Amino acid sequence: MVMTGFGTRMTSSLDCPYPQEEENMPSNTHSTTDQSYDRVSIAFHWITVILILAIFVLALFPGLVKGSIALHKSLGLTVLALVPLRLLWRFTAGRQPRHNGNDPAILRLAAGGAHAALYLLLLVTPLLGWMFVDAKGMELSYFGIKMPALALYDRPFAWMVYAWKSWVAYGLLALIVAHAGAAIGYHAIIRRDGVLRSMIPGRRLPGVSA
Ligand code: HEM
Ligand code: HEM
């Protein structure tokens, strides 16, 4: 069976093009992934992870570096620019791994939903940040380049947007923790199925190029 969109594409174990890989696996290992993400998708994924980590650290510990909030905003805008490029790549030239359908359908659906929600929150959070800054009457610059305004000056609206942004940002954080927990705890430790490996640079299975 093959699912498109954010659901993981699956094949039955009979379709696995790496039978030798299956044979070489220890018996308690479930080889359910027959490819990895392509290099560009992997780069997008881990660059985003580093940016999000820096964005949270800068917002929650602003005393750590001088100009931390300005950097927070510029890195947030970088995420906002990267996500559409990443999605464009994903739905055109990008390659998603073909996870064999060993997981229950409900888990595969949850993973697809979580990935879609991650993309959505990666767009909505910086957009709210941008609107908050404009509505508060502050000038926004991207690493020194003046940015256009997304919202008009309106203090009550600004604080409402700020509250939304907080909720959305902490929702994103919770989703990231669940996502990373599933990748490490469920896929790498419990099932040992190669899903985590499919997103690790240089951990491609034999015979897979790019
Ligand atoms: C993925 C992107 C972003 C994430 C995850 C994020 C997250 C956060 C978090 C967790 C806080 C501190 C907690 C709070 O008070 O709610 C915060 C504060 C803030 N964020 Fe963001 N943010 C992002 C993007 C942006 C962008 C693009 C802007 C502006 C263009 C922005 C402007 C601000 C401002 C002005 C604050 C208040 C800082 C202060 O306390 O003075 N954020 N953000
Ligand atoms: C800022 C933090 C993170 C974000 C925003 C994020 C976002 C995403 C998204 C959107 C996908 C779906 C890719 C696609 O098919 O288009 C994905 C896949 C994946 N992520 Fe993350 N991720 C984050 C952190 C992590 C961490 C910390 C790990 C591991 C320790 C991880 C492991 C994976 C794995 C293994 C996949 C592939 C899942 C599959 O194919 O079913 N991610 N991530």
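The rules behind each value
- Residues numbered from 1 in each chain as written.
- Chains lettered and ligands numbered in written order.
- Predicted model: local features only at pLDDT ≥ 70, side-chain atom pairs only at ≥ 80, totals over all residues.
- Near = placed C-beta within 6 Å.
- Helix = DSSP H or I, 4+ residues; strand = E, 2+ residues; numbered from the N terminus.
- Nonpolar A, V, L, I, M, F, W, Y, C, P; charged D, E, K, R; others polar.
- UniProt positions renumbered as here; feature names shortened; annotations may be inferred.
- Expected span 1.5 Å × (residues − 1).
- Bend = angle between axes of the 7 residues up to and from the residue.
- Buried ≥ 20, exposed ≤ 12 C-beta atoms within 10 Å, placed from the backbone.
- Contact = placed C-beta atoms within 7 Å.
- Arc of directions from axis to C-beta.

With respect to the site of ligand 2
Logical step 1: Inspection of the region around ligand 2 gives 22 residues, with Ile-52, His-115, Ala-180, Ala-183 and Met-199 positioned closest.
Logical step 2: Of all the elements in the fold, those that place two or more residues in the shell around ligand 2 are α2 (39–60), α4 (105–135) and α5 (155–191).
Logical step 3: Here the shell around ligand 2 is composed, by residue class, of 14 nonpolar, 7 polar and 1 charged.

Here's the deal with the UniProt feature "transmembrane region" (unreviewed entry) in the protein chain
Logical step 1: Under the UniProt annotation, the feature "transmembrane region" (unreviewed entry) is placed at residues 43–64, 70–89, 109–133 and 167–189.
Logical step 2: End C-alpha to end C-alpha, residues 70–89 measures 29 Å, and it is 100% helix and 0% strand.
Logical step 3: The distance from the first to the last C-alpha atom of residues 109–133 is 36 Å, and the span holds 100% helix and 0% strand.

Brief notes about the site of ligand 1
Logical step 1: Residues in contact with ligand 1 amount to 19 residues; listed here are only the nearest, Ala-59, Gly-76, Pro-126, Gly-129 and Ser-166.
Logical step 2: Within the residue set of the shell around ligand 1, elements represented by two or more residues are α2, α3 (68–91), α4 and α5.
Logical step 3: Per-class residue counts for the shell around ligand 1 are 13 nonpolar, 5 polar and 1 charged.

Points about α5
Logical step 1: The terminal C-alpha atoms of α5 lie 51 Å apart, and with 37 residues this matches the ideal 54 Å at 1.5 Å per residue to within 8%.
Logical step 2: At Ala-182, α5 shows its maximal kink, close to 30°.
Logical step 3: Every buried residue of α5 is listed here: Val-161, Lys-165, Ala-169, Leu-172 and His-187.
Logical step 4: Buried-residue contacts for α5 involve α4.

Thoughts on α2
Along an α-helix, residues three or four apart share an orientation, since each turn contains 3.6 residues.
Logical step 1: Counted at 1.5 Å a residue, the expected span for α2 with its 22 residues is 32 Å, and the 32 Å between its end C-alpha atoms agrees.
Logical step 2: Among all positions of α2, only Ser-41, Phe-44, Ile-52, Ile-55 and Leu-58 are buried. Buried positions in α2, seen along its axis, are confined to an arc of 130° and lie on one side of it. α2 presents Ile-50, Leu-53 and Leu-60 as exposed residues on the side facing more than 90 degrees away from its buried surface.

Describing unusual backbone geometry
Logical step 1: Within the chain, Phe-143 stands out as a residue other than glycine whose phi angle is a positive 45°.
Logical step 2: Mapping Phe-143 onto the fold places it in the loop between β1 (141–142) and β2 (145–146).
Logical step 3: For Arg-192, which is not glycine, the phi dihedral falls at a positive 45°.
Logical step 4: Within the fold, Arg-192 resides in the segment after α5.
Logical step 5: Classification of Arg-192 as partly exposed rests on a count of 17 C-beta atoms within 10 Å.

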